[in-house]
Amino acid sequence: MERRHREEHYVARVGWLRAAVLGANDGIVSTASLIVGVAAASGRAEVLLAGAAGLAAGALSMAAGEYVSVSSQADTERADIAREQAEIAGDPEEELHALASIYEDRGVPPALAREVAAALHAKDALAAHVRDELGIYEHTEARPLVAAMASAATFAVGAALPLATAAVVPEAAITLWVTVLSLIFLALLGAVGARAGGAPVLRAVARVTFWGAVAMAVTAVVGKIFGAVV
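Note that the structure is predicted; figures quoted are calculated from it, not measured.

Re the overall build of the protein
In terms of helices and strands, the protein carries 7 helices and 0 strands. Here the contacts in the protein between residues at least 6 apart in sequence split such that 74% fall between residues at least 24 apart.

If you want it as structure tokens, here you go:
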């Protein structure tokens with residue numbers, strides 16, 4: 001009976017997962033920090049106004065930043081592919097030798113490496129060089145729009161959590177509630193992101209909660225200092 005070998009890997013998710021985790025993390029941390037800082041010197045109305053402005057500006061900024069940065073990566077990948085295509089067309093024998101050398105460096109015997117390289121060249125030389133020489137794979141290639149949308153959407157969701165908290169808790173306890181619940185949100189985000197990427201959960205949770213706490217603590221101190229001055 002034929003057995004079908006099936007493996008589950010998470011690298012195919014890296015394009016959108018990185019942007020999604022970054023967006024949600026920034027949404028929670030930046031908006032919570034903003035709310036905590038403003039709450040240290042103002043009332044609920046000012047806190048909600050600052051939080052809403054931070055949500056809108058942050059989501060758009062994240063989308064634009066992700067789109068620009070990932071587009072730059074995509075441009076570089078396309079330029080490298082075009083250059084590789086020209087090199088294959090200009091000297092296919094040298095490129096065949098280069099591909100065989102890559103396989104030899106990975107432990108394939110020279111004769112077999114040459115045979116494999118020749119077979120791949122005969123089928124699709126450019127695809128072989130893009131994959132094995134440039135290290136560009138279909139499931140990890142740059143996708144600017146996917147990254148931008150994932151980052152903007154998750155930033156907005158992340159920012160909405162501390163903003164909603166500030167809207168419903170007692171005004172005198174905004175700082176405490178936003179800080180505590182935001183750290184819980186960050187811990188959940190770290191756990192979800194780690195699970196989605198197949199990474200260790202505790203390490204991810206500790207990392208995001210620690211730096212979130214640092215950001216909110218620093219912003220609260222700055223808010224108290226400037227609030228006292230004003």
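Quick notes on the packing of aromatic side chains
Each pair of aromatic rings is reported with the distance of its centres and the angle of its planes. Throughout the structure, instances matching the rule amount to 1 aromatic pair. On the numbers, 4.9 Å between centres and 80° between planes, the contact of Phe210 with Trp211 is edge-to-face. On the basis of relative accessible area, Trp211 is assigned to the exposed category, the value being 57%.

Let's talk about the environment of Asp91
Relative to the assigned elements, Asp91 resides in the loop between α2 (44-90) and α3 (92-105). A polar contact is formed between the side chain of Asp91 and the backbone nitrogen of Glu94, at a distance of 3.2 Å.

With respect to helix α4 (residues 110-132)
The terminal C-alpha atoms of α4, which comprises 23 residues, lie only 16 Å apart, well short of the 33 Å expected from a rise of 1.5 Å per residue. Along α4, the sharpest change in direction is near 120° and occurs at Asp124. Listed in full, the buried residues belonging to α4 are Ala113, Ala117, His121, Ala125, Ala128, His129, Val130 and Asp132. Contacts made by the buried residues of α4 are with α2 and α3.

Digging into the side chain of His129
Among the structural elements, His129 can be located in helix α4. With relative accessibility at 0%, the residue His129 sits in the buried group. Sequence-distant contacts of His129, defined by excluding residues within four places in its chain, comprise Glu84, Ile88, Glu95, Leu99, His121 and Leu134.

Looking at the pattern of salt bridges
Opposite charge on two side chains allows them to pair when their charged atoms are near. Applying the stated rule across the entire model yields 5 salt bridges. Among the salt bridges present, the one from Asp75 reaches Arg78, with a minimum N-O distance of 2.4 Å. Highlighted residues: Asp75 and Arg78, both in helix α2, separated by 3 residues, approximately one helical turn. Under the relative-accessibility criterion, Asp75 is labelled partly exposed at 43%. One salt bridge connects Asp80 with Arg83, and the closest N-O pair in it is separated by 2.6 Å. Of the two residues, Asp80 and Arg83 are both situated in helix α2; the distance of 3 residues between them amounts to about one turn of the helix. If you follow the salt bridges from partner to partner, you end up with Arg106, Arg131 and Asp132 in one network.

Analysis parameters
Residues numbered from 1 in each chain as written. Predicted model: local features only at pLDDT ≥ 70, side-chain atom pairs only at ≥ 80, totals over all residues. Heavy atoms only, no water. Helix = DSSP H or I, 4+ residues; strand = E, 2+ residues; numbered from the N terminus. Contact = heavy atoms within 4.5 Å. Phe/Tyr/Trp six-rings, centres within 6.5 Å; stacked < 30°, edge-to-face > 60°. Buried < 20%, exposed > 50% of the residue type's maximum accessible area, 1.4 Å probe, protein only. Polar contact = N/O pair within 3.5 Å; in protein donor to acceptor, adjacent residues only side chain to side chain. Expected span 1.5 Å × (residues − 1). Bend = angle between axes of the 7 residues up to and from the residue. Salt bridge = Lys/Arg side-chain N within 4 Å of Asp/Glu carboxyl O.

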